[in-house]
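Topology and contacts: notes
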Amino acid sequence: TLTVPTGGGKTVASLAFALAQAKAQGMERVVYVIPYTSIIEQTADTFREILGPENVLEHHSGVLFDLDRDGELTPDAERLVRATETWDMPVLVTTAVQFFESLFSNRPSQCRKLHNLAKSIIIFDEAQILPLSYLRPCVWAISQLVEHYGASAVLCTATQPALGPLFREFASELAMEELCPMAAEAWDAFRRVHFRRAGKLTWEELAGQLQAQEQVLCVVNRRKAAQTVFHKLAGEGNFHLSTLMVPAHRKAVLAEIRQRLLDRKPCRVVSTSLIEAGVDVDFPAVFREEAGLDSILQAAGRCNREGKRLPEDSVVTIFQGEDDPPKLFAAAIGAGRLVLDRFEDIASREAVHAYFSTLLDLNGRAAQDKQGILSLMESDFFPFRAVAERFHLIDSPTVTVYVPRGEEAELIARLRGGEHSRDLYRRLGQYGVSVYEDHFKALDRAGVLDRLEDGSFVLNDPSLYSETTGLSMEAEGGKANFV
């Protein structure tokens, strides 16, 4: 484990450890596993700066490879594309979905790279985000790689989940070791914020408190809530972030936010949780709707991130929103409330450990393997297809809708014309919005989607995509609101 408070330099420190261990133990590669595509690019860029671009492979659905003047892949890009099939590179940066779903897949295209996980140092960034409903299969897989295939695993986070008992269950001979043990005083040296609880706030009251700040970040649990609060703000310097915005749009907005923060201009941001894990921004104040303790502390990591202000002047406000929390968050919020009531210092390692232990207890053993993956594996013949069909790290089914806004219109025209190249789909990934089933059905009923021959969907009504909040949650004919 590598447990370091936010802003302590975990990314580079974990890479330094991996390289040192690779040299000392004759390991063959470093695999860096990240939960969100929203932060994978900045991590890969950091590694390329340190190690050189020829040594780093970035593998996820939105990665783009360089083209020459004729629109063909450059020789270096061709080498990288081939490497995505085998992971035969010194350093690989990929997503948790790509990593675990490959391990549990029965498809040759996904399994072709698995042999290169042997004798690798595998770093799991933001390890607390391993999904609870697949926690036992994920921990079992990590244990297998370490115990039988010569791999090393590092769980890297500021909020270390209490996984010791699970690892002992699956690999009793292995020891868990903290790479950066800190005395309480050293941990306190990273203290950068002060927490306060504000109780229940209406969206109107919340917007009023945000409006009173020059620079502030507010994180809410629902996409609809983010749009509602954002629309209640007035004046310049107000921004919205959610997965209803295509990735290229979010990236551009984040760049503008960072610049305004540097220039000390007004900058009020209302976001869903996508901004919490590893996104490098530094606000003087943060508001976080009540959630699990790990989410609260991750949001707090966007406040006084660079330590340029006093902790007492950098306030993280925890509040209950106007809407009931999503059922998906109920156990995490319950465990979080218990810890908030019990611990004066909710950022302490003791509080974090108590939170994760409580969360696991509240959910129980069955909830940690909702699809019964491990019980399937106990049969005499390994049911590869059944396991692959049940293991989907992201449970909520979504449909990707491509949005023609500007330069991407040319890419969508190529798609409409019948081109189905892998490079085209990679580039289109920057211009797609993942919508949940009810939202998709409302858009479909309203007749605002074109279905193409390959099964892709394209938004045909530009008025439903806003340059401030992304894809509308209301469609003519549907007029329904969705999470």
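Our structure's up above, just so we're on the same page.
Residues numbered from 1 in each chain as written. Predicted model: local features only at pLDDT ≥ 70, side-chain atom pairs only at ≥ 80, totals over all residues. Heavy atoms only, no water.

Focus on the overall build of the protein chain
What the protein chain contains, in helices and strands, is 19 helices and 18 strands. Its C-alpha atoms give the protein chain a radius of gyration of 23 Å, near enough to 23 Å, the size a compact globule of 483 residues would have. Principal axes of the C-alpha set define a box for the protein chain whose edges measure 60 × 60 × 45 Å. The buried share of the protein chain, taken over its 483 residues, is 51%. Taking as baseline every contact in the protein chain between residues at least 6 positions apart, the subset at least 24 positions apart corresponds to 74%. Distance between charge centres in the protein chain, computed from 52 positive and 67 negative side chains, equals 1 Å. (Helix = DSSP H or I, 4+ residues; strand = E, 2+ residues; numbered from the N terminus. Rg over C-alpha atoms; globule rule 2.2 N^0.38 Å. Buried < 20%, exposed > 50% of the residue type's maximum accessible area, 1.4 Å probe, protein only. Contact = heavy atoms within 4.5 Å. Lys, Arg positive; Asp, Glu negative; His and termini not counted. Charge placed at Lys NZ, Arg CZ, Asp CG, Glu CD.)

Section: the packing of helix α9 (residues 203–211) against helix α10 (residues 223–231)
In a packed pair of helices, the relevant descriptors are the angle between the two axes and the axis-to-axis distance. Relative orientation of the contacting elements α9 and α10 amounts to 55°, with a least axis distance of 9 Å. Taken together, the axis directions place α9 and α10 in an arrangement best described as oblique. The two elements α9 and α10 cross, and the hand of that crossing is right-handed. Packed against α9, whose contacting residues are W203, L206, A207 and L210, the element α10 presents A225, T228 and V229 at the interface. Residues that form the contact of α9 with α10 fall into these classes: 6 nonpolar, 1 polar and no charged. (Axes fitted to C-alpha atoms, helices over the stretch in contact; angles between N-to-C directions. Parallel < 35°, antiparallel > 145°, perpendicular 65-115°, else oblique. Left-handed = near helix turned anticlockwise from the far one by under 90°. Nonpolar A, V, L, I, M, F, W, Y, C, P; charged D, E, K, R; others polar.)

Quick word on unusual backbone geometry
For W87, which is not glycine, the phi dihedral falls at a positive 55°. On the secondary structure map, W87 appears in the loop between α3 (75–86) and β4 (91–95). Of note, N304 is a non-glycine position whose phi angle comes to about 50°, a positive value. Looking at where N304 falls in the secondary structure, it is placed in the loop between α12 (293–300) and β12 (315–320). For N304, a relative accessible area of 0% corresponds to the buried category.

A closer look at the nonpolar core
Counting residues in each nonpolar core, the largest one holds 59 residues, and the members touching the most others are I257, F283 and L459. Once residues within four sequence positions are removed from consideration, F283 is found in contact with Q215, V216, L217, I257, L261, C267, V269, R302, C303, N304 and R309. The next biggest cluster of nonpolar side chains, apart from the first, holds 37 residues, and it includes F100, F104, I373 and F391. (Core = buried A, V, L, I, M, F, W, Y, C linked by side-chain atoms within 4.5 Å.)

Details of the environment of I333
You can see I333 is positioned in helix α13 (residues 330–342). Here I333 falls in the buried class, since its relative accessible area comes to 4%. When near neighbours in sequence (up to four residues on either side) are disregarded, I333 contacts E290, A291, G292 and P325.

Re the state of the cysteines
On inspection of all chains with the given rule, the structure shows 0 disulfides. Looking at the unpaired C138, the closest cysteine sulfur is the one in C111, lying at 16 Å. Distance from the sulfur of C218, which forms no disulfide, to the nearest cysteine sulfur (C303) is 13 Å. (Disulfide = S-S within 2.5 Å.)

Here we look at helix α19 (residues 437–445)
Restricting attention to buried positions, one finds in α19 the residues H439, F440, A442 and L443. Seen from one end, α19 has its buried residues packed into an arc of 160°, which puts them on one side. Where α19 is buried, its residues touch β13 (398–402), β14 (432–436), β15 (449–451), β16 (457–459) and β18 (470–471). (Arc of directions from axis to C-beta.)

Some thoughts on the pattern of salt bridges
As enumerated under the stated definition, the model contains 21 salt bridges in all. Here R260 and E236 are joined by a salt bridge, their closest N and O atoms 3.1 Å apart. Of this pair, R260 sits in helix α11 (residues 247–263) while E236 sits in the loop between α10 and β9 (238–241), and the two are 24 residues apart along the sequence. E410 is the salt-bridge partner of R414, the closest N and O atoms lying 3.9 Å from each other. Highlighted residues: R414 and E410, both in helix α17 (residues 408–416), separated by 4 residues, approximately one helical turn. According to the relative accessible area criterion, E410 is partly exposed, its value standing at 45%. (Salt bridge = Lys/Arg side-chain N within 4 Å of Asp/Glu carboxyl O.)

So, a negative patch on the surface
Taken together, E205, E322, D323 and D324 make up a surface patch of like negative charges. Note on placement: D324 falls in the loop between β12 and α13. (Patch = residues over 30% accessible without salt bridge, like charges linked within 9 Å, V, L, I, M, F, W, Y side chains within 5 Å. Areas by Shrake-Rupley, 256 points an atom, 1.4 Å probe, with all protein chains shown as cover.)

Digging into the pairing of β4
On a regular strand, one side chain projects to one face of the sheet and the next to the other, so that they alternate. A large share of β4 lies buried, amounting to 5 of its 5 residues. Going residue by residue along β4, you find V91, V93 and T95 tucked away on one face and L92 and T94 tucked away on the opposite face as well. Across 4 bridges, the pairing between strand β3 (residues 56–59) and β4 is parallel. The residue bridging E58 from the neighbouring strand is V93, located in β4. (Pairing = 2+ DSSP bridges.)

So, the side chain of R288
As for its position among the elements, R288 is in strand β11 (residues 285–289). A polar atom in the side chain of R288 sits 2.8 Å from the side chain of N221. With sequence-adjacent residues up to four places away left out, R288 is seen in contact with V219, V220, N221, S273, E276, S295, I296, A299, T317, I318 and F319. (Polar contact = N/O pair within 3.5 Å; in protein donor to acceptor, adjacent residues only side chain to side chain.)

Here's the deal with the environment of E467
Looking at the secondary structure, you find E467 in the loop between β17 (465–466) and β18. What makes E467 partly exposed here is its relative accessible area of 48%. In this structure the C-alpha to C-alpha distance between E467 and H249, which are 218 residues apart in sequence, comes to 8.1 Å. Once you skip the residues sitting within four places of it in the chain, E467 turns out to touch H249 and R405.

Let's talk about the sheet that holds strand β7 (residues 194–200)
Pairing is parallel across the open sheet formed by 6 strands, whose spatial order is β7-β12-β11-β8-β10-β9. Strands with a single pairing partner mark the edges of an open sheet, and in this sheet they are β7 and β9. Recorded for the sheet is a direction-independent mean angle of 15° between the axes of neighbouring strands. Bridge count for β9 against strand β10 (residues 267–271) is 4 bridges, and the pairing is parallel. Bridging across to β10, L241 finds its partner in S271. The strands touched by α9 are β7, β8 (215–219), β10, β11 and β12; relative to β11, the strand with the most contacts, the crossing angle is about 165°. Contacting β9 and β10, α10 runs over the sheet at an angle of about 170° to β9.

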